[in-house]
Amino acid sequence: MSHYQPGILATPVPPLARHMFFALESVAALPAALDKLMQLVDGKSAVVGFGESLVKALDGHIEGLRSFPALAGVGVDNPSTQQALWCWLHGTDRGELLNRSHAFEAALAPALRLVQVTEGFRHRDGHDLTGYEDGTENPRDEAAAAAALVGAGVEGTVGGSFAALQQWQHDLKGFRAMPSHETDDIMGRRLSDNEELDDAPISAHVKRTAQESFAPEAFVVRRSMPWIEGDRAGLMFLAFGFSLDAFEVQLRRMSGLEDGITDGLYRISRPITGGYYWCPPLKDGHLDLRALRIG
């Protein structure tokens, strides 16, 4: 029986994490690298996702997997920085995470080359650096599993998931200079109590991304975490779904491609990366790669 990688749905988000992105360097070296990867990944303290290019390099096909689109909206841009492999390491000790990430990097070379590492952390009880709570509308329990996990399909796909990632860089100085009613209108919630505003403008983030307002409904499970690099900071947005469609229709509406109205969030933040990844299920505690005819 296949099982999902438990780190996908574990709550709350981990205290600390490292997002690692790898580019494919050597197809010939892939079999040895994947053997080592399967020994390192438990699906809980390390969640892994395969990009479309890596699946194709393995002569595989995962229904619904595609590369992140470079999406130009109404005065806004959502760049694609698609990579071959993504690893999301969880932990409680920053030094231990560094050592583990070095182990991953060494194990995957020379097949895969590390091109980006972004450290994430849990802020307060799961808040964005703006102070607003993140993931308020996340589905819970069985609804979360239904939204995030593939429930039916060919062997080796049930229990899998699709991950959408965007690294957003905030203009925190500009945000802090705004009056509270203006920032509340951007988010569509009050900072003071996290209550949704009845009279929020149509550009408010909660209205742009109201999951039940799409047809079909566009539910995802968000596992986003703040990041800081020197003077730069923001949110590493991460959403899991049984397909990539729910995230993409939300992003298109946010970008003004549905009705010409862009999400107010773009006033204080901009995405600087974007990638889609297939997260295989587990079998007997290891990655189940039967869908790729491995194992």
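Look up: the structure comes first, before these words.
Residues numbered from 1 in each chain as written. Predicted model: local features only at pLDDT ≥ 70, side-chain atom pairs only at ≥ 80, totals over all residues. Heavy atoms only, no water.

Here we come to the environment of Gly264. Assignment of secondary structure puts Gly264 in the loop between α8 (245-254) and β11 (269-271). Taking the C-alpha atoms as reference points, Gly264 and Lys36, separated by 228 residues in sequence, lie 44 Å from one another. Ignoring sequence-local partners within four residues, the contact set of Gly264 consists of Ile186 and Ser203. (Helix = DSSP H or I, 4+ residues; strand = E, 2+ residues; numbered from the N terminus. Contact = heavy atoms within 4.5 Å.)

On to the packing of helix α1 (residues 30-40) against helix α3 (residues 94-108). Packing of α1 against α3 brings their axes to within 8 Å, and their N-to-C directions diverge by 155°. With respect to each other, α1 and α3 are oriented roughly antiparallel. Only Ala103, Phe104, Ala107 and Leu108 of α3 make contact with α1, whose side of the interface consists of Ala33, Lys36, Leu37 and Leu40. Tallied by class, the residues present in the contact of α1 with α3 amount to seven nonpolar, no polar and one charged. (Axes fitted to C-alpha atoms, helices over the stretch in contact; angles between N-to-C directions. Parallel < 35°, antiparallel > 145°, perpendicular 65-115°, else oblique. Nonpolar A, V, L, I, M, F, W, Y, C, P; charged D, E, K, R; others polar.)

Take the packing of aromatic side chains next. Overall, the coordinates contain twelve aromatic pairs when judged by the stated rule. Between Trp86 and Trp88 the ring centres are 6.2 Å apart and the planes differ by 20°, which places this aromatic pair in the stacked class. For the pair Trp86 and Phe240, a centre-to-centre distance of 6.2 Å together with 40° between the ring planes defines the contact as tilted. With Trp86 in strand β5 (residues 85-91) and Phe240 in strand β10 (residues 232-241), this residue pair connects regions lying 154 residues apart in the sequence. Under the relative-accessibility criterion, Phe240 is labelled buried at 0%. Within the aromatic cluster, the residues linked to one another by ring pairs are Phe21, Trp86, Trp88, Phe240 and Tyr277. (Phe/Tyr/Trp six-rings, centres within 6.5 Å; stacked < 30°, edge-to-face > 60°. Buried < 20%, exposed > 50% of the residue type's maximum accessible area, 1.4 Å probe, protein only.)

Under the 1.5 Å per step criterion, the end-to-end length of α3 is 21 Å for 15 residues, consistent within 8% with the ideal 21 Å. Among all positions of α3, only Leu97, Arg100, Ser101, Phe104, Ala107 and Leu108 are buried. On an axial view of α3, the arc spanned by its buried residues comes to 125°, and they lie on one face. In α3, the exposed positions that point more than 90 degrees away from the buried face belong to Asn99 and Ala106. In this structure Asp93 caps α3, since a side-chain oxygen of it lies 3.0 Å from the backbone nitrogen of Gly95. (Expected span 1.5 Å × (residues − 1). Arc of directions from axis to C-beta. Polar contact = N/O pair within 3.5 Å; in protein donor to acceptor, adjacent residues only side chain to side chain.)

To continue, consider the layout of surface pockets. There is about 620 Å³ of room inside the largest pocket. Lining the largest pocket are 30 residues, with Asp134, Gly135, His205, Thr209 and Arg222 sitting closest to its centre. Going through the elements one at a time, β7 (161-170), α7 (205-208), β10 and α8 are the ones with two or more residues in the lining of the largest pocket. Considering every element that reaches the lining of the largest pocket, the biggest residue donor is α8, with four residues. Looking at the lining of the largest pocket residue by residue, the class counts come to twelve nonpolar, ten polar and eight charged. If you add up the space inside the second largest pocket, you get close to 380 Å³. Lining the second largest pocket are 24 residues, and of these Thr11, Asp134, Asn138, Arg140 and Arg222 sit closest to its centre. (1 Å grid on protein atoms, 1.4 Å probe; cavity = no way out; pocket = protein on both sides within 12 Å on 5 of 7 lines; lining within 4 Å. Points joined across faces, edges and corners; volume = space filled by probe spheres on them.)

Our next topic: the pairing of β10. By the criterion of burial, β10 is predominantly enclosed, with nine of the ten residues buried. In terms of strand pairing, β7 meets β10 through eight bridges, oriented antiparallel. Its bridge partner lying in β10, Phe162 is registered against Gly241. As paired elements, strand β8 (residues 221-222) and β10 share two bridges and run antiparallel to each other. Bridge assignment links Arg222 to a residue of β10, and that residue is Ala239. Sheet analysis places strand β9 (residues 225-229) next to β10, joined by five bridges and oriented antiparallel. Each bridged residue has a counterpart across the sheet, and for Pro226 the counterpart in β10 is Leu235. (Pairing = 2+ DSSP bridges.)

This part is about the state of the cysteines. By definition, a disulfide is the covalent link that joins the sulfur atoms of two cysteine residues. Using the criterion set out here, one finds zero disulfides in the structure. Unpaired in terms of disulfides, Cys87 finds its nearest cysteine sulfur in Cys279, a separation of 10 Å. (Disulfide = S-S within 2.5 Å.)

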